[in-house]
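Each chain, letter by letter, is given below.
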Amino acid sequence: MSDIPKADELFKSIDYNPPATGWMETPVDFSPGNWCYPAKPEKMEYMESKLPGLWGPVREWNPGEEDWKLPANWKEIVVNGFKERLGKFRSLKVFMDICVRCGACADKCHFFIGSGDPKNMPVLRAELMRSVYRGEFTVAGKILSKLTGSRVMEEDVLKEWFIYFYQCTQCRRCSLYCPYGIDTAEMTMMARELMHLVGLNTNWIMEPVSNCNITGNHLGIQPHAFADIVEFMVDDIEEVTGRRVKAPLNEKGHEILFITPSGDVFADPGIYTFMGYLLLFDYLDLDYTMSTYASEGGNFGSFTNNETMKKLNAKMYAEANRLGCKWILGGECGHMWRVVHQYMDTMNADIQGSQMATPKSPITGTVFDTAAATKMLHITEFTADLIKNNKLKLDPSRNDHLKVTFHDSCNPARGMGLLDEPRYVIKNVCNNFYEMPPATIREQTFCCAGGSGLNTDEIMEIRLRGGLPRGNALRHVQEKHGVNTMACICAIDRATLIPLADYWAPGVTITGTHELVANALVLEEGEERKMDMRQEYLPGFEDEEDDWTPPNMEDA
Amino acid sequence: MNALYSLLFVFLLVLIPLFGVDAAHLRTFFGVCIPTTAFIIFIVGFAYKVITWGRSAVPFRIPTTGGQFKSFDPEMFPQNKLDCPQTGAQTFFRMVLEVFAFRSLFRNTAVSLHEGKDHPVVAYKSSKWLWLFAITFHYSFFIVALRHLRLFLEPIPFFVHGLEFVDGLLQIGAPTMYLTDVGLVVGVLLLFGRRMINSRVNYISYASDFFPLFLILAVALSGIYMRYYDKVDIIAIKELTMGLVTFHYHVPEAISVSFFVHVFLVSCLMAYFPFSKLMHFPGVFLSPTRNLPNDSRAKHHVNPWNDPNIKPHAYADYEKHFGVPMAEAGLPLDNPENGKAPEEEA
Ligand code: SF4
Ligand code: SF4
């Protein structure tokens, strides 16, 4: 990170005036830092063996070099693939034809706001593809070429796609403002499908994809290691609360299967959120199990192509069937929820077992008809219902050292409409809650700039630039209200918002929503909590560090 | 440059009927053949395009949601029925507002960067200019087009009279000036000005973005010239237009050349329409991010090309692969054989 400019320098470098050269004539910068590394050949070999024909030739290649070692007939593959998808997706077909280039979307993309690069204006990002559509598939485009902004598919065009369609986090903010709802995220997805066909990919996506398939989670944690990690967390929970919670894994005959992104199992601060889930479920004595086989909610397949998205998603139902679970409870995750909400039932309903039923909270009896088809419930819906029905004893003052704001993750916000439940949960477990400015939250929320497989350090400067709008809004409430914590409901956020906050709003920590729930949860009458889930002493207990005993030992 | 090309091209289009009509036998050509052909191109092209869109599948429900969805407790978490519709009726109203009030555009904001006291500030302010320009332009165009119905229908429907009355309410000049005539010209000029002045919009503008603006401007100006300055013979024109719709083609002598210029430009617009971005008009109705209810978690939908052969990585294979360490970690196994280390098997 040493060569990354300081925040104010970076800020000064942003210029919203486009260059003098037309966009088709403006060359693309291929220096390192502008692209993610391509996938390791063994990962691609594995995926080719599982879903053949989608990945192009397996090879070593480097985006910084001239020769990308494309297959000889690459152009044919891309053009035919394009044609096929125009028939398979009306969204693509319509969006290719109806953009009027009004520019309403132009300054809505966080990557444009932070970089000023005109090709990061959603309209122009989509034009990278539309120009080819017009040049290859329309009569007017073939005859009039330049006048209609058309061009034919060439290697430079494909290379430009690789840069800019991996500089879109599929956050759909642009779509909200477009008068026709043109969704550049949808086009990014298609462009990525096409690039995969000729073997243009990134390791940061393909390694998780192949890991998810083999081990069940994107980090490649094997089942015994997974069990170990969960055990560690159970120990930590005991350390904090004195309670030894159950953490059932791969057990048959439970009502609920719980699936969360594996980022919550592995990385700080997601693990505290995971501990929050475990504590909550134990408190409720919930009849549930987790699974090592279906140990990933995040769907990295959705960053590649439909087939892979479907295959990875399918294991959720497969595992619910094997374990005999009635419905699935899903943890805090962004892309997982876009896939669950918009795609899961359509793709995989046929493998849903007959034992599955519309989610019904065993604690409150609430039936969640909103999830009648997928049989999958979002944890904040579940918890909001518990709180509403007074099933949780909460002491929000345990979070008094935190001044909290909430970051709406793009996918639940603009792909689902899940806005109020997490806020309700947070407000019930924290006394100090402050919203960021209205133009930066709810459906207008800004991306963490690391979604859709871009959360790698290889492109850190791009991420930090894209993080400007979010970081700036955060800085605003930090100054105005002393906000020191940003809660979110997405595992990618929990990883990517940390460097973003360090850079744009230093001093703010990132947390999951259920970490805050766990802090506030009163397990038994008179329970005193001296530290939070991070094992940091709560104000007033700092001096007890030396001779601390778990509260349940004190009772004895 | 792109703007200039488009402007020149529209000039050329104006010249064609100006010179063409003078040769007497071309009056039928410009009065009947061209408009009829253009109309056919318009209808066929329009239908063809919409049908091709319609033939593409809508595999998934992908509405862009702009507010709270229908929750398990609609009272505690009230649904934003218009921006996050769950039923057909709600979706219908979302579309109505989109089509008639340009709702998404109304939301528009403009971003700007400022040097704050000790750190940068990104500011957003509501920006309704584009919405205003667009709505002025589209409504004017729409009403002007509706007013023209009186040339094609006999008797003239009451609403056309009504429109004319309201449109001419200010009673300026003779014949009375229509507000929408002004609105149309002003709207086009504003949209054009925006395209020239806003450097980002200018950067993304092609000739195909300027051309329709100039063409529509030329149509409007020629119409205005015809009505207010040339004072063409309306009776004769109605004779011609009624002839067109009843297939009794007749071009009265009294019609002056300015009418042919106007008709020729309109014909160009009709013929150009299906091949251009003007297709955003039918397209807005077909946009899957707007015209679908957000109910895919509650209701089953079918993807016509869903591939049932794509199966998850089988659990049995997973257990075979990891059985030994799983057994050691005390994880339950479906098949205890998988938990035995290879050497124990012997
Ligand atoms: S807002 Fe929509 S129509 Fe306007 S330029 Fe962007 S994508 Fe095109
Ligand atoms: S989807 Fe998000 S990242 Fe992609 S172009 Fe639109 S605003 Fe930018």
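Just so it is clear, the model here is predicted, and its values are computed rather than measured.

As for the packing of aromatic side chains
At step 1: What the rule picks out here adds up to 48 aromatic pairs over all chains.
At step 2: Ring centres 6.1 Å apart and planes at 65° place the aromatic pair W35 of chain A and Y37 of chain A in the edge-to-face group.
At step 3: Following the ring pairs from residue to residue traces out a cluster consisting of F30, W61, W68, F162 and Y166 of chain A.
At step 4: Residue placement shows R322 of chain A over the ring face of Y315 of chain B; its charged tip is 3.4 Å from the ring centre.
At step 5: One cation-aromatic arrangement involves R147 of chain B over Y178 of chain B; the distance from NZ or CZ to the ring centre is 3.6 Å.

Let's talk about the domain arrangement of chain B
At step 1: Structurally, chain B comprises domain 1 (2-291) and domain 2 (315-345).
At step 2: Between the C-alpha centres of domain 1 of chain B and domain 2 of chain B the distance comes to 68 Å.

Considering the UniProt feature "transmembrane region" (unreviewed entry) in chain B
All names here are of chain B.
At step 1: Mapped onto this structure's residue numbering, the UniProt feature "transmembrane region" (unreviewed entry) falls at residues 33-51, 129-149, 169-192, 204-225 and 254-273.
At step 2: For residues 169-192, the end-to-end C-alpha separation is 28 Å, with 58% helix and 0% strand making up the annotated structure.
At step 3: Overall, residues 204-225 shows 86% helix and 0% strand. The separation of its end C-alpha atoms is 33 Å.

Re the sheet that holds strand β1 (residues 256-259) of chain A
Residue and element names in this part refer to chain A.
At step 1: On the basis of which strands lie adjacent, the open sheet formed by 4 strands has the order β2-β1-β3-β4 and parallel pairing. Whereas interior strands pair on both sides, the edge strands pair on one side only; in this sheet they are β2 (288-289) and β4 (376-378).
At step 2: Direction of pairing for β1 relative to strand β3 (residues 327-330): parallel, over a ladder of 4 bridges. Its bridge partner lying in β3, F258 is registered against L329.
At step 3: Across the sheet, helix α17 (residues 379-388) lies against β1, β3 and β4, angled at about 70° from β4, the strand it touches most.

Re the site of ligand 2
All names here are of chain A.
At step 1: The local shell around ligand 2 consists of C109, H110, P122, R125, C168, T169, Q170, C171, R172, C174, T184 and A185.
At step 2: If you list the elements that add at least two residues to the shell around ligand 2, you get α6 (122-137) and α10 (184-197).
At step 3: In terms of residue class, the shell around ligand 2 is made up of 6 nonpolar, 4 polar and 2 charged.

As for the interface of chain B and chain A
At step 1: The interface is formed by 98 residues belonging to chain B together with 128 residues belonging to chain A.
At step 2: Our enumeration of links across chain B and chain A arrives at 7 salt bridges.
At step 3: Salt-bridge contacts for R200 of chain B lead to D107 of chain A; the nearest nitrogen and oxygen are separated by 3.6 Å.
At step 4: Looking at the side of chain B that touches chain A, its residues break down into 48 nonpolar, 30 polar and 20 charged.

Focus: the pattern of salt bridges
Think of it this way: side chains of opposite charge can pair up when their charged atoms draw near.
At step 1: For the coordinates displayed, the defined rule picks out 50 salt bridges over all chains.
At step 2: Residue E127 of chain A is joined to R101 of chain A by a salt bridge in which the shortest nitrogen-to-oxygen separation is 3.1 Å. Here R101 of chain A lies in the loop between α4 (90-98) and α5 (110-115) and E127 of chain A lies in helix α6, a separation of 26 residues in the sequence.
At step 3: Exposure remark for R101 of chain A: the relative accessible area of 3% places this residue in the buried category.
At step 4: The residue R398 of chain A makes a salt bridge to E527 of chain A at a minimum N-O spacing of 3.3 Å. Remark: E527 of chain A occurs in the loop between α23 (513-520) and α24 (551-555) and R398 of chain A occurs in the loop between α17 and β5 (404-407); sequence separation between them is 129 residues. Comparing R398 of chain A with E527 of chain A shows no difference in burial state: the two are buried.
At step 5: Where salt bridges share partners, they join R101, E127, R130 and R134 of chain A together with D209 and K277 of chain B into one cluster.

Reading guide: rules and limits
Residues numbered from 1 in each chain as written. Chains lettered and ligands numbered in written order. Predicted model: local features only at pLDDT ≥ 70, side-chain atom pairs only at ≥ 80, totals over all residues. Heavy atoms only, no water. Phe/Tyr/Trp six-rings, centres within 6.5 Å; stacked < 30°, edge-to-face > 60°. Lys NZ or Arg CZ within 6 Å of the ring centre and 35° of its normal. Domains from an automatic or database assignment. UniProt positions renumbered as here; feature names shortened; annotations may be inferred. Helix = DSSP H or I, 4+ residues; strand = E, 2+ residues; numbered from the N terminus. Pairing = 2+ DSSP bridges. Contact = heavy atoms within 4.5 Å. Axes fitted to C-alpha atoms, helices over the stretch in contact; angles between N-to-C directions. Near = heavy atom within 4 Å. Nonpolar A, V, L, I, M, F, W, Y, C, P; charged D, E, K, R; others polar. Salt bridge = Lys/Arg side-chain N within 4 Å of Asp/Glu carboxyl O. Buried < 20%, exposed > 50% of the residue type's maximum accessible area, 1.4 Å probe, protein only.

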